[in-house]
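Chain residues, written in single-letter form:
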Amino acid sequence: DGTGTIHLRLASSGAIVRTLYVPRPGNVNSTVNALAFSPDSHYLAVGANTSRVHIWRTSDWYEFSLPHYVSNVPDASVRCIAFSPNGRLLAAGNW
């Protein structure tokens, strides 16, 4: 919806249990394109049209790392994101 909002919901009821926001520089709205939970569910990685990957620790929903740039092109969209099976690597890409 262009607001950079992520609603995490209970699968059983659809109730929202957490809302996260992906900000863009200058307080402009962002669009979330991809997200992935780590295999152990300890992290949530999100790609948006911010040229960055945002990573939250799920135990307290702290965005524990500085956003990592995937592209040096302004406003490039991170379109795909995935953790390796052991959770030690994170792949992200754009086109």
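Keep in mind the model is a prediction, meaning the values are calculated, not measured. (Residues numbered from 1 in each chain as written. Predicted model: local features only at pLDDT ≥ 70, side-chain atom pairs only at ≥ 80, totals over all residues. Heavy atoms only, no water.)

A. Quick peek at unusual backbone geometry. Although it is not a glycine, Ser41 adopts a positive phi angle of roughly 65°. Assignment of secondary structure puts Ser41 in the loop between strand E3 (32–37) and strand E4 (43–48). Owing to a relative accessible area of 42%, Ser41 belongs among the partly exposed residues under this scheme. Of note, the phi angle at Trp61 is positive, near 60°, even though the residue is not glycine. Topologically, Trp61 is positioned in the loop between strand E5 (52–57) and strand E6 (68–69). Classification of Trp61 by relative accessible area gives buried; the value is 19%. (Helix = DSSP H or I, 4+ residues; strand = E, 2+ residues; numbered from the N terminus. Buried < 20%, exposed > 50% of the residue type's maximum accessible area, 1.4 Å probe, protein only.)

B. Structural detail: a nonpolar patch on the surface. A surface patch of nonpolar side chains, amounting to about 290 Å² of accessible area, comprises Tyr43, Tyr62 and Phe64. Among the secondary structure elements, Tyr43 is positioned in strand E4. (Patch = residues over 30% accessible without salt bridge, like charges linked within 9 Å, V, L, I, M, F, W, Y side chains within 5 Å. Areas by Shrake-Rupley, 256 points an atom, 1.4 Å probe, with all protein chains shown as cover. Salt bridge = Lys/Arg side-chain N within 4 Å of Asp/Glu carboxyl O.)

C. Spatial organisation of the environment of Val46. Within the fold, Val46 resides in strand E4. Residue contacts for Val46: discarding those within four places in its chain leaves Ile6, Val22, Val32, Ala34, Leu35, Arg52, Val53, His54, Trp56 and Ile81. (Contact = heavy atoms within 4.5 Å.)

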